[in-house]
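Chain and residue survey
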Amino acid sequence: MTTLAEPAVRKSLTKIREETDYYAHQVEGVRTLSKMKSALLADEMGLGKSLQALSVAAIDFDAGTAKRVVIVCPATLKGNWAEELDKFTHFSYDVLEGTPDQRASQLAEFDADILIVNYEQLKPHVATLNKMKFDIAILDEAHYVKNPTAARTKAAHALRAKRYLLLTGSPLLNQVNDLWS
């Protein structure tokens, strides 16, 4: 049995750095998630949810079923996602930043594998994002979109992709509405 401290054996992926080590639970998670159209990954903080989501994206890129990914996260985590991408992957990416006009220009010129946006940017740009035809949408801190009446949730629901991966490390309450999104 592999413990959390021992790296697990994995298959090689073009977009994942070869030196990237996975724990057994991550390899199992990637194998399970890659077979699902959409999923909620609700592991505790620090267990590698972002690497698992990026690995599923890498599998789809290698299979030819994905060319574009959008990562939606709180504004404070955009830099963390960029660091994870640099550390573990060969994906090209852009971080959506600036004024509304600067963001519109950045979206018009987008030519990377992954776009990182924050939840507040969804509402004003969701129509443009949908025209960009993202294959995978990764929603980090997915508990941010649990309130069905909130503008943020409505914007997240309007975002279109072939596959959705929702990530959260926050415990879900014993309310059905927490799982609605």
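No experiment lies behind these values; they were computed from the predicted model shown. (Residues numbered from 1 in each chain as written. Predicted model: local features only at pLDDT ≥ 70, side-chain atom pairs only at ≥ 80, totals over all residues. Heavy atoms only, no water.)

Some words on the layout of surface pockets
- Space inside the largest pocket adds up to approximately 470 Å³.
- Lining the largest pocket are 20 residues, and of these Gly-46, Gly-48, Lys-49, Ser-50 and Glu-84 lie nearest its centre.
- Looking at the lining of the largest pocket, the elements with two or more residues in it are helix 1 (24-33), helix 2 (49-63) and helix 3 (78-88).
- The greatest single-element share of the lining of the largest pocket, amounting to four residues, is contributed by helix 3.
- Here the lining of the largest pocket is composed, by residue class, of nine nonpolar, six polar and five charged.
- Lining the second largest pocket are 11 residues, with Lys-11, Leu-13, Val-30, Arg-31 and Ile-59 positioned closest to its centre.
- If you list the elements that add at least two residues to the lining of the second largest pocket, you get helix 1 and helix 2.
- Per-element accounting of the lining of the second largest pocket gives the leading share, three residues, to helix 1.
- Classifying every residue of the lining of the second largest pocket gives five nonpolar, three polar and three charged. (1 Å grid on protein atoms, 1.4 Å probe; cavity = no way out; pocket = protein on both sides within 12 Å on 5 of 7 lines; lining within 4 Å. Points joined across faces, edges and corners; volume = space filled by probe spheres on them. Helix = DSSP H or I, 4+ residues; strand = E, 2+ residues; numbered from the N terminus. Nonpolar A, V, L, I, M, F, W, Y, C, P; charged D, E, K, R; others polar.)

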